[in-house]
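Secondary and tertiary structure notes
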Amino acid sequence: MKIIMLGAPGAGKGTQAKKLSERYGIPHISTGDIFRANIKNNTELGQKAKGYMDAGQLVPDELVVDLVVDRIKDRDCMKGFILDGFPRTIPQAEALDYALNNQNEKIDYAINVDVPDEHIIKRMAGRRACVGCGATYHTENMPPKKEGICDVCGEKLVLREDDKPETVKKRLEVYHSQTKPLIAYYEKKGSLLTVDGTLDIEVVFKKITSVLG
Ligand code: AP5
Ligand code: MG
């Protein structure tokens, strides 16, 4: 099953993608996580991406398209994959379709996690991310077992650099102008599944899996 997660920053794409990955045994590929790991390791890609990310802007298409197209050719993607945070522009979606078409494949579901902007701004203030493995928590909706510490790897939890309110506003603007048009793009292809992302995490998950099977 080949899935992409659509939705505004903080809509819950990563939260649902992780659960879907466990449920269906297919890899969760988050371009945001890949960039953050590159920044942490101070790679050339990380150095190029950091300025854009900290400003709440998109990293240029040419830095992300090949990376994803190569990644989905890996062996662990043979049964499918969940792309989280890619595609984010129409050219990225076209490049992905082109790569899949060449192998007679296509995206099965584009899951649009729908959350209004007002809701997002409140939600982001409570998000905490692990500096070690990138796992995501929420101070109220999904707290770690021990405050400030990652359940998975025991490292420290922090507010993401781009989760400051000014940057969240910028990311929302970028989402509306550049990423939202993908909803119509996948609707036209008949692969769109929209879920109400303001519901509880488990309820959202059940709604998605009731369609995916
Ligand atoms: P990325 O890391 O993809 O960030 P994003 O799209 O802004 O999305 P987030 O990760 O912030 O939110 P999410 O939807 O995953 O929500 P989450 O599950 O964490 O990208 C970061 C940056 O990288 C971009 O700004 C860009 O610069 C660059 N980039 C990445 N990909 C790119 C691309 N393809 N092209 C160009 N640039 C790219 O949930 C949020 C919080 O809410 C959590 O605390 C969670 O616990 C909580 N929560 C989740 N669901 C619920 C619920 N149902 N109810 C209550 N709380 C919930
Ligand atoms: Mg995410």
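Now for a look at the structure at hand. Note that the structure is a prediction, hence the values are computed from the model and not measured.

Some remarks on the sheet that holds strand 4 (residues 109–114)
- One open sheet holds the five strands; their spatial order is 2-3-1-4-8, and the pairing between them is parallel. Both edges of this open sheet fall to strand 2 (28–30) and strand 8 (192–196), since each of them pairs with a single strand only. Put simply, the sheet's adjacent strands are angled 20° from each other on average, direction ignored.
- Sheet topology places strand 1 (residues 2–7) next to strand 4; five bridges connect them, and they run parallel. Looking at the pairing, Gly7 lines up with Val113 of strand 4.
- Where helix 9 (residues 201–212) meets the sheet, it contacts strand 1, strand 4 and strand 8, and its direction lies at approximately 155° from that of strand 8.

Topic: the layout of surface pockets
- Taken as a whole, the second largest pocket spans an internal volume of roughly 560 Å³.
- In terms of lining residues, the second largest pocket is bounded by 20 residues, among which Arg36, Lys40, Cys130, Val131 and Arg160 are the most central.
- When residues of the lining of the second largest pocket are assigned to their parent elements, the largest contribution, five residues, is made by helix 2 (residues 31–40).
- Of the residues that constitute the lining of the second largest pocket, the class distribution is nine nonpolar, three polar and eight charged.

Structural notes on the nonpolar core
- In this structure, Leu20, Leu83, Leu96, Ile111 and Tyr186 are the most contacted members of the largest nonpolar core, which totals 51 residues.
- Element by element, the count of residues in this core is highest for helix 4 (residues 61–71), at five residues.
- For Ile111, the contacting residues outside a window of four places in its chain are Ile3, Ile4, Met5, Leu6, Leu20, Leu193, Val195, Ile208 and Leu212.
- One finds Cys130, Ala135, Tyr137 and Leu157 within the second-largest nonpolar core, a separate group that totals five residues.

A closer look at the packing of aromatic side chains
- With the rule as written, the count across this model stands at one aromatic pair.
- Consider the rings of Tyr185 and Tyr186, whose centres lie 5.0 Å apart with planes at 75°: the pair is edge-to-face.
- According to the relative accessible area criterion, Tyr186 is buried, its value standing at 1%.
- Positioned over the ring face of Phe205 is Lys19, at 4.8 Å from the centre of the ring.

Observations regarding the site of ligand 1
- Taken together, 36 residues form the shell around ligand 1, and within it Thr15, Gln57, Arg88, Arg127 and Arg171 come nearest.
- One of the backbone nitrogen or oxygen atoms of Lys13 is found 2.8 Å away from an oxygen atom of ligand 1.
- Arg171 has a polar side-chain atom sitting 2.5 Å from an oxygen atom of ligand 1.
- Contact with the protein chains covers 97% of the free accessible surface of ligand 1, which is 1000 Å².
- Listed by contribution, the elements that provide at least two residues to the shell around ligand 1 are helix 1 (13–24), helix 2, helix 6 (117–126) and strand 6 (136–138).
- Per-element tally for the shell around ligand 1: the top contributor is helix 2, with four residues.
- In terms of residue class, the shell around ligand 1 is built from 14 nonpolar, 13 polar and nine charged.

Criteria and thresholds
- Residues numbered from 1 in each chain as written.
- Chains lettered and ligands numbered in written order.
- Predicted model: local features only at pLDDT ≥ 70, side-chain atom pairs only at ≥ 80, totals over all residues.
- Heavy atoms only, no water.
- Pairing = 2+ DSSP bridges.
- Helix = DSSP H or I, 4+ residues; strand = E, 2+ residues; numbered from the N terminus.
- Axes fitted to C-alpha atoms, helices over the stretch in contact; angles between N-to-C directions.
- Contact = heavy atoms within 4.5 Å.
- 1 Å grid on protein atoms, 1.4 Å probe; cavity = no way out; pocket = protein on both sides within 12 Å on 5 of 7 lines; lining within 4 Å.
- Points joined across faces, edges and corners; volume = space filled by probe spheres on them.
- Nonpolar A, V, L, I, M, F, W, Y, C, P; charged D, E, K, R; others polar.
- Core = buried A, V, L, I, M, F, W, Y, C linked by side-chain atoms within 4.5 Å.
- Buried < 20%, exposed > 50% of the residue type's maximum accessible area, 1.4 Å probe, protein only.
- Phe/Tyr/Trp six-rings, centres within 6.5 Å; stacked < 30°, edge-to-face > 60°.
- Lys NZ or Arg CZ within 6 Å of the ring centre and 35° of its normal.
- Near = heavy atom within 4 Å.
- Polar contact = N/O pair within 3.5 Å; in protein donor to acceptor, adjacent residues only side chain to side chain.
- Areas by Shrake-Rupley, 256 points an atom, 1.4 Å probe, with all protein chains shown as cover.

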